[in-house]
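# Per-entry structural report
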Amino acid sequence: MPKGWNVAIVLQGRQAGKKVVVIKQLDEGTKERPYPHAIVAGIERYPRKVTRTMGAKKLQRRSRVKPFIKVINYSHLFPTRYALELESLKNSVSADHFKEPSQREDARKNIKKLFEERYQTGKNKWFFQALRF
């Protein structure tokens, strides 16, 4: 993976076509996974379209994001030219979170909160729109 490119698109598997943020790159692989891979956080269900006439409750419901965290092989990722500031994301997920389901769930909740905050501020609009192909 090229350095500095931290937004990618998943090409294979359940989340194919979804946008992800690369949190950690493991170019050499590990003992369990002897191939180059990355720990990523992405959006499984994107926020829906909102209009000015909608009420606050409906707006809040339609602005929800369903995230996922996953370890993905580099050959299944397509890097993009886009980037997201990752300082808060880097600390939220590590390789240890994949061993215990409760830790993984906590990490996902944390990422959900961070993604929703980013969406509410209006930054990185491209990241929060589903790919059309």
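Here is a short report on the structure shown in this document. Just so you know, the residues in each chain are numbered from 1, in the order the chain's sequence is written. Local features are withheld for residues below a pLDDT of 70 in this predicted model, meaning they are given only at 70 or higher, and side-chain atom pairs are given and counted only at 80 or more; totals for whole chains, interfaces and linings count all residues. For side-chain calculations, the full set of non-hydrogen atoms in the structure is used, while hydrogens and water are omitted.

### Observations concerning the packing of aromatic side chains
Aromatic contacts are taken between Phe, Tyr and Trp rings whose centres are within 6.5 Å, Trp giving its six-membered ring; a plane angle under 30 degrees counts as stacked, one over 60 as edge-to-face, and the others as tilted. Inspection of the entire model under this criterion finds five aromatic pairs. Between Tyr 82 and Trp 126 the ring centres are 4.0 Å apart and the planes differ by 15°, which places this aromatic pair in the stacked class. Remark: Trp 126 occurs in the segment after helix H3 (101-121) and Tyr 82 occurs in the loop between strand S5 (77-79) and helix H2 (87-92); sequence separation between them is 44 residues. Accessibility expressed as a relative area gives 30% for Tyr 82, which makes it partly exposed. Taken together, the ring pairs connect Phe 115, Tyr 119, Phe 127 and Phe 128 into an aromatic cluster. Secondary structure elements are defined from DSSP: runs of H or I of at least 4 residues count as helices, runs of E of at least 2 residues count as strands, and each element is numbered from the N terminus. Buried residues are those whose accessible area, probed at 1.4 Å on protein chains only, stays under 20% of the maximum for their type, while exposed residues exceed 50% and partly exposed ones sit between those limits.

### Overview of the pattern of salt bridges
By convention in these notes, a salt bridge is any Lys or Arg side-chain nitrogen within 4 Å of a carboxyl oxygen on Asp or Glu. Applying the stated criterion across every chain, the model contains three salt bridges. A salt bridge links Glu 105 to Arg 108, with the nearest nitrogen and oxygen atoms 3.7 Å apart. Of this pair, Glu 105 and Arg 108 are both found in helix H3, three residues apart, which corresponds to roughly one turn of the helix. Classification of Glu 105 by relative accessible area gives partly exposed; the value is 33%. A relative accessible area of 31% means that Arg 108 is categorised as partly exposed. A salt bridge links Glu 116 to Lys 112; the nearest nitrogen and oxygen atoms lie 3.5 Å apart. You can see Glu 116 and its partner Lys 112 sitting in helix H3, four residues apart, about one turn around the helix. What makes Lys 112 partly exposed here is its relative accessible area of 28%.

### So, the sheet that holds S5
Read from one edge to the other, the open sheet built from five strands follows the order S4-S3-S2-S1-S5, with strand pairing classed as antiparallel. A strand with exactly one partner marks an edge of an open sheet, and here the two such strands are strand S4 (66-73) and S5. Strand-to-strand twist of the sheet, defined as the mean angle between neighbouring strand axes without regard to direction, takes the value 40°. Across three bridges, the pairing between strand S1 (residues 7-10) and S5 is antiparallel. Pairing of Ile 9 across the sheet is with Phe 78, part of S5. Packed onto the sheet, H3 meets strand S2 (19-26), strand S3 (37-45) and S4 and runs at close to 115° relative to S4. Strand pairing is defined by DSSP finding a minimum of two bridges between the two strands. The angle between two axes is taken between their N-to-C directions and runs from 0 to 180 degrees, where each axis is a line fitted to C-alpha atoms and a helix contributes only its stretch in contact. The contact definition used throughout considers only heavy atoms, calling two residues in contact when any of these lie within 4.5 Å.

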